[in-house]
Amino acid sequence: MGFLDNSGDIILDAVLTDTGRMRLAKGDGSFKIVKFALGDDEINYELYNKNHSSGSAYYDLEILQTPVLEAFANNTASMKSKLMSIPRNNILFLPVLKLNEAFDTSTAKHSDTGTFLIAVNTATETELEKDSSGNILAGVLMGESPGRSANRIRVDQGLDTDQISPARALDPLLVETQYMIQMDNRLGNVVSKTDAFRASVSFVDDDSVATYYLSRGTDPEYVTSITDTSDSALQAIQGPRGTKLNFKIQTSLELNTSDYLFNTIGTTENFDSVSGATTSHKVITSTIRVIGVNTGYRIDIPVKFAKKV
Amino acid sequence: MATTYKNLLSSDLANTRTLLHEAIPITGSIISGTYGGAGTALGSEPHIKTYSHGMFESVYDYPYLSSSANQIFDVTVGYASTSPVSASANSQNSKKINIYNQMAQYLVGYDITGSIKKFTMPPTNATMKECYFIPFGRLLTKDEIKKGSFTLELGVSGTTAFTHGDALFAERIKLTDTSGSSGYYVDSPTGEYGVLFASTSAGSTALLQGETLGSATTNPAVGLLYYQAGVAVLSASIFNEGSTSGHLASALYVNHPRVTSVGDATTLGFTLAASGATMAQMADGLRNRIYNISYNNTTELNSTIYFCRVGHGDFNYSSNPTYLTGSQIRVKTRAADTPVTYFTTVGLYSADNELLAVAKLSEPLRKDPTNEITLRVRLDY
């Protein structure tokens, strides 16, 4: 995609996304545009210079000169960061999503890979679940039988600042009540931390990206309020806290029973195993995206799907 | 509650239709001369695709074996079974009749008895029983040929030499649908069609029977142009001289122009060519006499316009990771400062938040509580 010509009048370059075309082709009425959002993917707000010597008219000089790329047809490549409407103008802090690895070892990433390592079958689970001393390894999720381990992914939401005490309640306007999880549907699906609930897929797009919506109230096994208002080291959010999202990943039958995807989009890596030796595994590296539906903030969580060779 | 979407109301949508025209100039050198040139026999040029059935040939803009070649148009020929030209001894007689009937049933239709009607010229009601057919590729024609824009220039020099070369084009006539923009016909099953009128375009005197140079009223009707179907139908009489029901001036054309490379070398108009030449040879003959073709195509764009109205209180904050530093908004120093954002993209969503269309601005737009913006996003179908 090239840059848009910005030498004259402002123009709008509009295209249907691949998902839009797919829905149009279905002819089942699923192509219906009912809302819009604004995105600022290209903008780097670090360029906003509040100390410009020439005054406030020059604060955003560099931002306004940002060249803009043409529209992407891939639905997942655009609108990564959205603008928000908040019915108040005097807000100085906005909530973020943050991976909580401090709560206990069951929410931490795998230390060797810096990702969440998901064992796709029983043999791999046995191989990677524990270290040679018999201790449960952090960051290894059980993909075939998620209930086998307490390990999970936890995302916290709130104001991550030390300027406001966590004892203060987060402004209700800023509390995230609904999360969107997006992941490759070929690799796995979302399950609750108790393994009792498999999340319902809202839709799977043309790139096999599945989207899940999980809400506080209707999905209490996934989304709950953070009640800890102390200055605790177990919390990822330093300031006022909103909600937290807990989930696990169950690997797909295809990964469990076949090497095709591993051979096609994967690679091979060595991991420390329960025996203390290093063993070879087929690995697919991917990300799981968590987005706050109301606040628009998002984080990409790195994961590796591993299968013992 | 913070929100990232804004619903579109029914009053935020508008539908419109736009006609887009492109000029399509096809130079004669592409049609007959560029690839192979004088050194290659007619019909053997690498950009001309012929078929074993021999019923038509296709003209490409590039050697057709290349993946980058595009089909421009086809050429074929046919006559009615009741034509005086028709004879069982003719080369490909039944196929020539079949092509005529196929094109006639498609472009002219049937009479009340279910019989296939013949091509007739609306101004004179004269029947065209022998015709050349030029179906243009949809790649260039798009939705239809723009009425009044079509020009086909033919070389009609009576030279006996019949090879590649400029000698054929010393005398030329131009076929245009000049009345198309205001005087077209609608009784074809394939849509609208206009009449092609011929006039002298190169040469010292009027080349057409009864023509007065510069007088449009004396230009004879020599063919039909089906705008939506993208098919030109040329009367074969355009290559016959006036004393034999042709359109070329009798005084200038003692012999008919040669329109194939086979048969009698001196008196070979369409009538005689039709008996001895194959359809491919006759298609080669017409192609070799095309000086150029030009027309404008038409693409009908149906558009939906979404008016994305951004109120003063909308979209004044961002979820961009660089918008915050330690959860504090980077563009504010204190809470009372005005929030400001800059957006580059408009996303159009379904009810389940799937991104169905995306529009990019050519430069970032500033949004703060002191301004309101209406973005007009047009999607074409």
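Please refer to the structure placed before this passage.
Residue numbers restart at each chain and count upward from 1, following the sequence in its written direction. Written order determines the labels here, with chains lettered from A and ligands numbered from 1. Only residues with pLDDT of 70 or above have their local features reported here, since the model is predicted, and side-chain atom pairs are shown and tallied only from 80 upward, although totals for entire chains, interfaces and linings are computed over all residues. Calculated side-chain values reflect all of the structure's heavy atoms, with hydrogen atoms and water omitted.

Colleague: I would appreciate a short explanation of the overall build of chain B in the present structure.
Modeller: By the criteria applied, helices consist of DSSP H or I runs no shorter than four residues and strands consist of E runs no shorter than two, each listed in order from the N terminus. Secondary structure assignment for chain B yields five helices and 22 strands. Here the radius of gyration uses the C-alpha set of atoms, whereas the globule reference equals 2.2 Å times the residue count to the power 0.38. Its C-alpha atoms give chain B a radius of gyration of 30 Å, more than 25% over the compact-globule value 21 Å for 381 residues. If you line up chain B on its principal axes, its C-alpha atoms span 95 × 50 × 40 Å. Note on definitions: a residue-residue contact is assigned when non-hydrogen atoms from the two residues lie within 4.5 Å. Within chain B, contacts between residues separated by at least 24 positions form 64% of all contacts whose residues are at least 6 apart in sequence. Each accessible area is a Shrake-Rupley result for a 1.4 Å probe, and residues are judged covered by the shown protein chains and nothing else. As displayed, chain B offers around 15,100 Å² of accessible surface, 51% of which is attributable to carbon and sulfur atoms. Taken together, the 26 basic and 29 acidic charged side chains of chain B have centroids lying 5 Å from each other. We treat Lys and Arg as the positive residues and Asp and Glu as the negative residues; His and chain ends play no part in the count. Taken as the charge centre is NZ of Lys, CZ of Arg, CG of Asp or CD of Glu, depending on the residue.

Colleague: How should the interface of chain A and chain B be read in this particular structure?
Modeller: Note: interface size is frequently given as the accessible area lost on complex formation between the parts. Between chain A and chain B, the contact holds 80 residues from the first and 70 residues from the second. Both sides of the chain A and chain B interface together cover about 7,100 Å² of buried area, and 58% of this is carbon and sulfur. Broken down residue by residue, the surface that chain A buries against chain B is led by Lys-35, Phe-36 and Tyr-45 of chain A, which jointly contribute 13%. Polar contact criterion, stated in full: a pair of N or O atoms within 3.5 Å, where within protein one must be able to donate a hydrogen and the other to accept it, and residues adjacent in sequence count only if both atoms are side-chain atoms. Here chain A is connected to chain B by 48 residue pairs in polar contact (both at pLDDT 80 or more). Of all the secondary structure elements, the ones that give two or more residues to the side of chain A that touches chain B are strand S1 (12-16), helix H1 (18-26), strand S2 (35-39), helix H2 (61-64), strand S3 (83-84) and strand S10 (201-204) of chain A. Tallied by class, the residues present in the side of chain A that touches chain B amount to 41 nonpolar, 22 polar and 17 charged. By buried area we mean how much accessible surface two parts lose on assembly, using a 1.4 Å probe and totalling the loss over both. Gly is put with the polar residues, along with every residue not named as nonpolar or charged; the nonpolar set is Ala, Val, Leu, Ile, Met, Phe, Trp, Tyr, Cys and Pro, and the charged set is Asp, Glu, Lys and Arg.

Colleague: Teacher, can you tell me more about the pattern of salt bridges here?
Modeller: Think of it this way: side chains of opposite charge can pair up when their charged atoms draw near. Residue and element names in this part refer to chain B. Salt bridge, as applied in this entry: a Lys or Arg side-chain nitrogen positioned within 4 Å of an Asp or Glu carboxyl oxygen. Tallied over the full model, the rule gives 28 salt bridges over all chains. Measuring nitrogen to oxygen at the nearest pair gives 2.8 Å for the salt bridge that ties Arg-287 to Asp-284. Linking Arg-287 with Asp-284, this pair stays in helix H5 (residues 279-288), spanning three residues, or about one helical turn. Assigned by exposure class, Arg-287 and Asp-284 land together as buried. Residues joined by salt bridges that share partners form a network here, namely Glu-45, Glu-57, Asp-284 and Arg-287. Three labels apply to residues, based on accessible area from a 1.4 Å probe with only protein chains included: buried if under 20% of the type maximum, exposed if over 50%, partly exposed otherwise in between.

Colleague: Quick question: what am I supposed to make of the sheet that holds S1 of chain A here?
Modeller: The strands making up a sheet associate through backbone hydrogen bonding, with each pair oriented either parallel or antiparallel. Strand pairing follows a simple DSSP-based rule, namely that at least 2 bridges must link the two strands. Reading across from one edge, S1(A)-S21(B)-S20(B)-S2(A)-S1(B) is the order of the five strands in this open sheet, with antiparallel pairing throughout. Two strands bound the open sheet, and with one partner strand each, they are S1 of chain A together with strand S1 (6-7) of chain B. In the sheet, strand S20 (residues 341-349) of chain B pairs with strand S21 (residues 355-367) of chain B via eight bridges, with the strands oriented antiparallel. Directly across from Leu-348 of chain B, in S21 of chain B, lies its bridge partner Ala-357 of chain B. For helices, the fitted axis covers only the stretch in contact; all axes are lines through C-alpha atoms, and the angles between them, taken along N-to-C directions, range from 0 to 180 degrees. Most of the contacts of H1 of chain A go to S21 of chain B, to which it runs at about 145 degrees, and overall it touches S1 of chain A together with S21 of chain B.

Colleague: Looking at this structure, how should I read the pairing of strand S5 (residues 71-79) of chain B?
Modeller: Remember that side chains alternate between the two faces of the sheet whenever the strand is regular. All names here are of chain B. Where burial is concerned, most of S5 is hidden: eight out of the nine residues are buried. As judged from the four bridges shared by strand S4 (residues 57-60) and S5, these two strands associate in the antiparallel manner. Directly across from Ser-58, in S5, lies its bridge partner Asp-74.

Colleague: I tried to follow H1 of chain A on my own but got confused; where do I start?
Modeller: Owing to its 3.6 residues per turn, the α-helix brings residues three or four apart onto one side. Of all the residues in H1 of chain A, the buried ones are Asp-18, Thr-19, Gly-20 and Arg-23 of chain A. Where the residues of H1 of chain A are buried, they touch S1 and S10 of chain A together with S21 of chain B. Gly-27 of chain A sits one or two residues past H1 of chain A and shows a positive phi near 65 degrees.

Colleague: What's the story with the packing of aromatic side chains in this structure? I'm lost.
Modeller: All names here are of chain B. Aromatic rings from Phe, Tyr and Trp, taking only the six-membered ring of Trp, are treated as a pair when their centres fall within 6.5 Å; an angle between ring planes under 30 degrees marks them as stacked, one over 60 as edge-to-face, and anything in between as tilted. One pass over the full model with this rule turns up 20 aromatic pairs over all chains. Here a set of aromatic residues connected by ring pairs shows up, and it is made of Tyr-100, Phe-119, Phe-133, Tyr-185, Tyr-193 and Tyr-226. Stacked on the ring of Tyr-227, the Lys or Arg Lys-147 has its end atom at 5.3 Å from the ring centre. Here the basic side chain of Arg-172 rests over the ring of Tyr-291, its NZ or CZ set 3.8 Å away from the ring centre. The rule is short: NZ of Lys or CZ of Arg within 6 Å of the ring centre and within 35 degrees of the ring normal puts a charge over the ring.

Colleague: What is the right way to look at the environment of Ser-201 of chain B in this model?
Modeller: Residues and elements named next belong to chain B. Relative to the assigned elements, Ser-201 resides in strand S13 (residues 191-202). Taking the C-alpha atoms as reference, Ser-201 lies 54 Å from Cys-308; in sequence the two are 107 residues apart. Setting aside chain neighbours within four positions, we find Ser-201 in contact with Glu-153, Arg-172, Ile-173 and Lys-174. Within the structure, the side chain of Ser-201 is placed 2.7 Å from the side chain of Glu-153, a separation counted as a polar contact.

Colleague: Explain helix H2 (residues 93-107) of chain B here, please?
Modeller: Residues and elements named next belong to chain B. Taking 1.5 Å per residue as the helical rise, H2 with its 15 residues ought to reach 21 Å, and the 21 Å between its terminal C-alpha atoms agrees with that figure. Buried within H2 are the following residues: Asn-93, Lys-96, Ile-97, Ile-99, Tyr-100, Met-103, Ala-104 and Leu-107. Buried residues of H2, seen end-on, are gathered within an arc of 160 degrees and therefore sit on one face of the element. Just downstream of H2 lies Gly-109, where phi reads positive at about 95 degrees. Expected span, for any helix, means 1.5 Å times one less than how many residues it has. As used here, the arc belongs to the directions running from the helix axis to the C-beta atoms.

Colleague: Just checking my understanding: could you explain the environment of Leu-47 of chain A for this structure?
Modeller: Residue and element names in this part refer to chain A. Tracing the sequence through the fold places Leu-47 in the loop between S2 and H2. Residue classification places Leu-47 among the partly exposed positions, given a relative accessible area of 30%. Taking C-alpha positions, Leu-47 is 23 Å from Ala-37, a pair spaced ten residues apart along the chain. Not counting the four nearest positions on each side in its chain, Leu-47 is found in contact with Tyr-59, Glu-62 and Ile-63.

Colleague: Where do I start with the side chain of Arg-152 of chain A in this structure?
Modeller: Residues and elements named next belong to chain A. Locating Arg-152 in the fold gives a position in the loop between strand S6 (140-142) and strand S7 (153-158). Despite its burial, Arg-152 pairs with no opposite charge; the closest candidate is Asp-104, at 4.6 Å N-O. Reaching out from Arg-152, the side chain makes a polar contact with the side chain of Asn-246 at a distance of 2.8 Å. Ignoring sequence-local partners within four residues, the contact set of Arg-152 consists of Phe-103, Ser-106, Thr-107, Phe-116, Leu-141, Lys-193, Asn-246, Phe-247 and Lys-248.

Colleague: Sorry, what's going on with the nonpolar core here?
Modeller: Among soluble globular proteins, nonpolar side chains are generally buried collectively. Counting residues in each nonpolar core, the largest one holds 82 residues, and the members touching the most others are Leu-94, Leu-245, Phe-247, Val-290 and Phe-305 of chain A together with Leu-348 and Leu-375 of chain B. With five residues, the single largest contributor to this core is S21 of chain B. Ignoring anything within four residues of it in the chain, the contact list for Leu-375 of chain B reads Leu-38 of chain A together with Tyr-306, Phe-307, Cys-308, Val-310, Phe-343, Val-346, Leu-361 and Leu-365 of chain B. To define a nonpolar core, start from buried Ala, Val, Leu, Ile, Met, Phe, Trp, Tyr and Cys residues and group those joined through side-chain atoms within 4.5 Å. Judged by nonpolar contacts, the second largest core, of 70 residues, contains Val-85, Cys-131, Leu-152 and Tyr-193 of chain B.

None of the figures reported here should be taken as evidence of function without further support.
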